[in-house]
Each structure stands twice: as structure tokens, then as C-alpha cells.
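Descriptive structure summary
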Amino acid sequence: MKLGVNIDHVAVLREAREVNDPDILQALYVACQNGADQITIHLREDRRHIQDIDVKNIMMLSKVPVNLECSINKEIIDIVCENKPHRATLVPEKRQEVTTEGGLDLFSNETYVKYAIDKLNAAEIPVSLFVDPSIEAMKKSKELGAQMVELHTGHFANLFAMLNSALPYSNHSVKELELSRSELEKGLQQEIEKIKEAAKLANELGLEVAAGHGLNYHNVDNMVNIPEIIELNIGQSIIARSVFTGLDKAVQEMKRLTSR
Ligand code: PXP
């Protein structure tokens, strides 16, 4: 299992004061030294955390592959092509959202997604699509020419958190708040089955399979147990823990939990 450490939130803290502290390159170094197999960053259209110069520096200095998340916006795709990351992950992006709220809709955005995949592939950049774990999305990802899918685990994470702490993972998810305990349990099992089925189908279709969003030290074993999933991209929980333990220990512990 490959651990992709998402260091966007180090840049969130830095941007809060518009100073170079904490230093994202120090985060890159510490994550790599302590078990990250990949560094994941998201160059958002609104540049709320990672900046263009971060992408350049991280590409230049990273000792492990860089997975660059981006929207299907043409200008952003051009920037990604120039920087030549080891992989681009196409994600949905809305200006108002706090974080990526769901998978990329491959059906209503088909033309743009296809354009982005073709352009990135022409620049020799493999493409992963961040999608909901559905059968349709797996088939469509293959049809559009992606090399990989990243299964959105946000709904799983919400259900898991509601069952285990009586609080949703995300304050923005009110849907789960209305469910009874037995409905939550059933929903969680169904969601895990959906993720398993999607991972199996994607694998059969010849797509590599990653997963991410809302994964933490308590719920991650559910994803580690799915053999077709070869990579997990995790940000919030690692950076949150690092406030208390240091980034070195936070990455080491996640690496231990995700090793199989
Ligand atoms: N994977 C993708 C495609 C994402 O957009 C994000 C959120 O930036 C993550 C993984 C990491 O999610 P989290 O920060 O909840 O661990």
C-alpha cells in the first residue's frame, strides 16, 4: 500500500498569515523521511493554499513521486502540463467549498474531462480521476482513457464518524445526522461494499485504484483491507495530528497503519 501524504494544510496555515511559516518544503522533507511514498498537493484555481511556486519547488525537491490534484479548468491543465508531475488527479472544484465535497461528475463534464485527460496524457502525465465509488464511474473512467481512479471515501468517513463519535466527520454533511444508529450501521456496510465493488471492477478494467478523503487513524484499516486499493491519499488527519505529535510521528503512525 502506497501512502500519499497531502501537505496542502501546511500551506493553509502559512497562507493564514501570508508568511513563509510553516515552510512547506520542510513538511515535504519530514513527510518523505518518515514514510510518505508520495506527496499529494492540490493547485486550486483560487490558490487558497498551494501556490504555483510551491508546485515548482516541490517538483524540484521531492524524493518521492508527486501527485498533483487539479480541476479540469484549461489554464490549470496547462500549468500541470508545464510542471510534469508524476501523476495528475482530476478533482471537482467549487469556489465556495471548504474541501472537495464529492467525486468528479464524469457524465455532465465529459467533454472537458476527456480534453484534460488527452492533454495530460499527450504530455506523458498519467491521469487519475477522483470519483464516487460507483460502477458507472468506473466504466466511464476507463472509456475516457484514465489510467487510475481515486475512490472518494468521504461518505464512508462520515458514516464511520457518526457511528463512533456521534459527530459527523464533516460539519457540512447534514444528511447523515438524520439517520438512526441502525440506519448508520447499514449505510456504512453498504458504503464499504460499494467501495469494494468499485475497486474490483476498476481493477478488472485495468485501472489502478487509489482511495482518499476523510481517512484517519481510526477508519483507515477498512480501506487497507481492500486488496485492489494500492494507494491512499491522506491529508487532514495527518496534519491535524502533527500539531500535537510533530509531523514525523504523525506520518510514521499512518505508515504503520497502512502497511500490509
Ligand atoms: N484525495 C483527494 C483527491 C482530495 O481532494 C483530498 C482532499 O484534498 C484528499 C485525498 C485528502 O483528503 P483528507 O484531507 O480528508 O485526508
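These lines cover the structure that appears in this document, whether it is placed above or below. Worth saying up front: this structure is predicted, and the values here are computed from it rather than measured. (Residues numbered from 1 in each chain as written. Predicted model: local features only at pLDDT ≥ 70, side-chain atom pairs only at ≥ 80, totals over all residues. Heavy atoms only, no water.)

Another point: the overall build of the protein. Helix and strand counts for the protein come out as eleven helices and eight strands. Its C-alpha atoms give the protein a radius of gyration of 17 Å, within 12% of the compact-globule value 18 Å for 260 residues. The C-alpha extent of the protein, read off along each of the three principal axes, is 50 × 45 × 35 Å. The buried share of the protein, reckoned over its 260 residues, is 53%. Within the structure as shown, the protein displays about 12,300 Å² of accessible surface, and the carbon and sulfur contribution to it stands at 51%. One finds the centroid of the 29 positive side-chain charges in the protein at a distance of 2 Å from the centroid of its 39 negative side-chain charges. (Helix = DSSP H or I, 4+ residues; strand = E, 2+ residues; numbered from the N terminus. Rg over C-alpha atoms; globule rule 2.2 N^0.38 Å. Buried < 20%, exposed > 50% of the residue type's maximum accessible area, 1.4 Å probe, protein only. Areas by Shrake-Rupley, 256 points an atom, 1.4 Å probe, with all protein chains shown as cover. Lys, Arg positive; Asp, Glu negative; His and termini not counted. Charge placed at Lys NZ, Arg CZ, Asp CG, Glu CD.)

Here we come to the site of the ligand. The ligand sits among 13 residues. The nearest are Glu 69, Glu 150, Gly 214, Gly 235 and Gln 236. Glu 150 is positioned with one of its side-chain polar atoms (N or O) 2.5 Å from a nitrogen atom of the ligand. With respect to the ligand, the backbone of Gly 214 contributes an N or O atom lying 2.8 Å from an oxygen atom. A class-by-class count of the residues in the shell around the ligand yields four nonpolar, seven polar and two charged. (Near = heavy atom within 4 Å. Polar contact = N/O pair within 3.5 Å; in protein donor to acceptor, adjacent residues only side chain to side chain. Nonpolar A, V, L, I, M, F, W, Y, C, P; charged D, E, K, R; others polar.)

It is worth spelling out the pattern of salt bridges at this point. By the definition in use, this model includes 16 salt bridges. Between Glu 110 and Lys 140 there is a salt bridge; the shortest N-O distance is 3.1 Å. Of this pair, Glu 110 sits in helix 5 (residues 110-122) while Lys 140 sits in helix 6 (residues 135-144), placing them 30 residues apart in sequence. Look at Lys 140 and you get buried, because its relative accessible area is 9%. (Salt bridge = Lys/Arg side-chain N within 4 Å of Asp/Glu carboxyl O.)

The topology assignment puts Arg 14 in helix 1 (residues 8-17). Among all residues touching Arg 14, those that are not within four sequence positions of it are Val 19, Asn 20, Asp 21, Pro 22, Ile 24, His 49, Gln 51 and Asp 54. (Contact = heavy atoms within 4.5 Å.)

Turning our attention to the pairing of strand 8 (residues 231-234). Both faces of strand 8 are covered, namely the face carrying Glu 231 and Asn 233 and the face carrying Leu 232 and Ile 234. Bridging between strand 1 (residues 2-6) and strand 8 involves four bridges; their strand directions are parallel. Among the inter-strand pairings, Val 5 is bridged to a residue of strand 8, identified as Ile 234. Taken together, the three bridges between strand 7 (residues 208-212) and strand 8 define a ladder with parallel strand orientation. (Pairing = 2+ DSSP bridges.)

This paragraph deals with the pairing of strand 4 (residues 87-90). Taking every second residue as pointing to the same face, both faces of strand 4 are buried, with Arg 87 and Thr 89 on one and Ala 88 and Leu 90 on the other. When strand 4 meets strand 5 (residues 127-131), the two strands line up parallel, connected through three bridges. For Thr 89, the partnering residue across the bridge sits in strand 5 and is Ser 128.

Relative to the helices and strands, Ile 234 is located in strand 8. Since its relative accessible area comes to 2%, Ile 234 is described here as buried. Sequence separation between Ile 234 and Met 254 is 20 residues; the distance between their C-alpha atoms is 9.0 Å. Discounting residues that sit within four places of it in the chain, Ile 234 has contacts with Leu 3, Gly 4, Val 5, Asn 6, Leu 215, Val 220 and Met 254.

The interhelical angle for the contact between helix 7 (residues 154-165) and helix 8 (residues 181-204), taken along N-to-C directions, is 150°, at an axis separation of 9 Å. The angle between helix 7 and helix 8 falls in the class roughly antiparallel. Crossing hand, helix 7 versus helix 8: left-handed. The residues of helix 8 that touch helix 7, namely those facing His 155, Phe 156, Leu 159, Phe 160, Met 162 and Leu 163, are Arg 181, Leu 184, Glu 185, Gly 187, Leu 188, Glu 191, Ile 192 and Ile 195. Tallied by class, residues from the contact of helix 7 with helix 8 come to nine nonpolar, two polar and three charged. (Axes fitted to C-alpha atoms, helices over the stretch in contact; angles between N-to-C directions. Parallel < 35°, antiparallel > 145°, perpendicular 65-115°, else oblique. Left-handed = near helix turned anticlockwise from the far one by under 90°.)

All of the buried residues along helix 2 (residues 24-33) are Ile 24, Ala 27, Leu 28, Ala 31 and Cys 32. The arc enclosing the buried residues of helix 2, seen along the axis, measures out at 125°, which places them on a common side. Away from its buried face, by an angle of more than 90 degrees, helix 2 presents the exposed residues Gln 26, Tyr 29 and Gln 33. Its side-chain oxygen placed 2.9 Å from the backbone nitrogen of Leu 25, Asp 23 serves as the N-cap of helix 2. Gly 35 lies just past helix 2 and shows a positive phi near 125°. (Arc of directions from axis to C-beta.)

Throughout the structure, instances matching the rule amount to zero disulfides. Not part of a disulfide, Cys 70 finds its nearest cysteine sulfur in Cys 81, a span of 8.7 Å. (Disulfide = S-S within 2.5 Å.)

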